[in-house]
Amino acid sequence: MRMIAALATLAALVVSPALAASDVYIGVSAPLTGDNAEYGNYFKTAALLAQKTINDRGGIKGQKLQLLIEDSKADPKEAILIAQKFVSDPRVLAVVGDFNSSASMAAAEIYNDGGLVQISPTASHPDFTKKGEYIFRAGTTQSMEGAFLARWAVRDLGHKKIGTIYVNNDWGLVANKVFAETAKQLGADVVNQESFIPGDKDFTAIVTKIMDAKPDMVFLAVQWADAALIATQMKSLGLKTDLMGPGSLSTENLVKNAGDAVEGIRANAIYFAGDTRSVSADYTKAYAATYGRPPHDHSALTYDAVMLLANAIERGGVDRKAIRDALAATDGFEGVTGKFRFDADRNPVKDFSKIMVKNGKWQMADK
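A.B. asks: Is there a simple way to explain the overall build of the protein in this structure?
C.D. replies: Looking only at helices and strands, the protein has twelve helices and 14 strands in total. In terms of overall size, the protein behaves like a compact globule, its C-alpha atoms giving a radius of gyration of 20 Å where 367 residues would be expected to give roughly 21 Å. Expressed as lengths along the three principal axes of its C-alpha atoms, the size of the protein is roughly 65 × 40 × 35 Å. Taken over 367 residues, the protein has a buried fraction of 57%.

Put into structure tokens, the structure is as follows:
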């Protein structure tokens, strides 16, 4: 109820017919319904909090920030339609979104051809920003994340026999490939690489194959809902092994739905609630106070994405091309998830933290 009340209050800040023509508009494309709605909710709540923060301090050069929020359902077709809508609306100066790589990459061609900045908080496919000079990301790529996780698994934890399970889409294919190839290079034996079609719910056959290989760890290149099902089915079939996955697993719902089946699971993070830097600590406090729960990596990255765009508009003005150039030139911007500068491919350089589920909640990993 607390979150519903907070969203209702903040939703009043979203576009209304009476808005002044001089207001600054940013579009947000995120999955507000469907299997990935939890992530979309992180996007929406963080974007609304960023909007409130910006407007409470005077807006952008004295102009109020307004958000146009659309539901992509994490569907590439829906994301394309939203992109066409935003590109054709001259009020929209930049766009935050989408959540997953498939939807983000499908929409990227529309945004780039339309000369409208798209910055995804979470699309991690390495080819995403290669779609064009108007395409940016606030998070990291699977090339960075997968390699980090493989080094953690093999070098630090000493795993030598690893199985993987991945969702058969753009994101899952790359996430699995980078992890598996890096693990092999480090000397691990990757005994299984099992894929499934998005929407599958029965993983009995896959888990059985994994069990036959007897790995000492299984890497899950999946989102939290699939991870919860896989881990629960592993437990029911008697498979006991260490689990690891990307930062997308680090949600409260994973633990809520899978319980002790995910006790000990490890993941990476680029946002940590215990960060003492003022920009991060203030954000963590404000988010928890507003929504009654702690923020997540994806909400922190979305907050940073909105703030990065506001900063670029402050420096570049209300011209789409000038905003793109100002964003590309960003160097040293202090965000919730760290300092930002973009490389030639418009990717930020980021550091990871190690987290795991201990005693039924996500905490810093012990090793």
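A.B. asks: What exactly am I supposed to notice about the pairing of strand S10 (residues 266-269) here?
C.D. replies: Look at any regular strand and the pattern is simple: side chains alternate between the two faces of the sheet. Neither face of S10 is open: one carries Arg266 and Asn268, the other Ala267 and Ala269, and all of them are buried. Bridging between strand S9 (residues 242-245) and S10 involves two bridges; their strand directions are parallel. For Met244, the partnering residue across the bridge sits in S10 and is Arg266. The β-α-β motif built from S9, the intervening helix H9 (residues 252-258) and the parallel element S10 has right-handed crossover chirality.

A.B. asks: In this structure, what is going on with the packing of helix H2 (residues 37-56) against helix H10 (residues 278-291)? I would like to understand it.
C.D. replies: Describing two packed helices takes the angle between their axes plus the distance from one axis to the other. It is the contact of H2 with H10, at a shortest axis distance of 11 Å, that shows an interaxial angle of 110 degrees. With respect to each other, H2 and H10 are oriented roughly perpendicular. Note on packing geometry: the crossing formed by H2 with H10 is right-handed. Listed contacts from H10 to Tyr42, Thr45, Ala46, Leu48 and Leu49 of H2 are Tyr283, Ala286, Tyr287, Thr290 and Tyr291.

A.B. asks: What's the story with the sheet that holds strand S3 (residues 92-96) in this structure? I'm lost.
C.D. replies: Pairing between sheet strands relies on hydrogen bonds along the backbone, with the strands arranged either parallel or antiparallel. Pairing is parallel in the open sheet, where five strands are placed in the order S2-S1-S3-S4-S5. Whereas interior strands pair on both sides, the edge strands pair on one side only; in this sheet they are strand S2 (65-71) and strand S5 (135-137). Pairs of neighbouring strands in the sheet enclose a mean axial angle of 25 degrees, with direction left out of account. Inspection of the sheet shows strand S4 (residues 117-120) paired to S5 by three bridges, in the parallel sense. Across the sheet, the residue bridging to Ser120 is Arg137, located in S5. Across the sheet, helix H11 (residues 297-316) touches strand S1 (24-30), S2, S3 and S4, and the angle it forms with S3 is around 155 degrees.

A.B. asks: Explain the packing of aromatic side chains here, please?
C.D. replies: The geometry of an aromatic ring pair comes down to the distance between the two centres and the angle between the two planes. A full pass over the atoms with the stated rule returns twelve aromatic pairs. Between Phe136 and Phe342 the ring centres are 5.4 Å apart and the planes differ by 80 degrees, which places this aromatic pair in the edge-to-face class. Placement of the pair is Phe136 in strand S5 and Phe342 in the loop between strand S12 (338-341) and strand S13 (353-358), with a sequence separation of 206 residues. Per residue, the accessibility class of Phe136 equals that of Phe342, and both read buried. Pairing Phe196 with Phe203 gives two aromatic rings, centres 4.8 Å apart and planes at 80 degrees, and the pair type is edge-to-face. Grouping residues by exposure puts Phe196 and Phe203 together as buried. Site record: aromatic cluster; members linked through ring pairs are Tyr271, Tyr283, Tyr287, Tyr291 and Tyr303.

A.B. asks: Quick question: what am I supposed to make of the sheet that holds strand S14 (residues 361-364) here?
C.D. replies: The strand order S7-S6-S8-S9-S10-S13-S14 describes an open sheet built from seven strands, whose pairing is mixed. Strands at the two margins of the open sheet, each flanked by one partner only, are strand S7 (189-196) and S14. Averaged over neighbouring strand pairs, the angle between their axes works out to 25 degrees when direction is ignored. With four bridges joining them, S13 and S14 adopt antiparallel strand pairing. Note that in S14 the partner of Met356 across the bridge is Gln363. The strands that helix H6 (residues 170-185) touches are strand S6 (161-167), S7, strand S8 (217-221) and S9; relative to S6, the one it contacts most, it runs at about 170 degrees. Sitting on the sheet, helix H7 (residues 204-213) is in contact with S6, S7 and S8, with an inclination near 175 degrees to S7.

What counts and what doesn't
Residues numbered from 1 in each chain as written. Predicted model: local features only at pLDDT ≥ 70, side-chain atom pairs only at ≥ 80, totals over all residues. Heavy atoms only, no water. Helix = DSSP H or I, 4+ residues; strand = E, 2+ residues; numbered from the N terminus. Rg over C-alpha atoms; globule rule 2.2 N^0.38 Å. Buried < 20%, exposed > 50% of the residue type's maximum accessible area, 1.4 Å probe, protein only. Pairing = 2+ DSSP bridges. Right-handed = clockwise from strand over helix to strand, strands pointing away. Axes fitted to C-alpha atoms, helices over the stretch in contact; angles between N-to-C directions. Parallel < 35°, antiparallel > 145°, perpendicular 65-115°, else oblique. Left-handed = near helix turned anticlockwise from the far one by under 90°. Contact = heavy atoms within 4.5 Å. Phe/Tyr/Trp six-rings, centres within 6.5 Å; stacked < 30°, edge-to-face > 60°.

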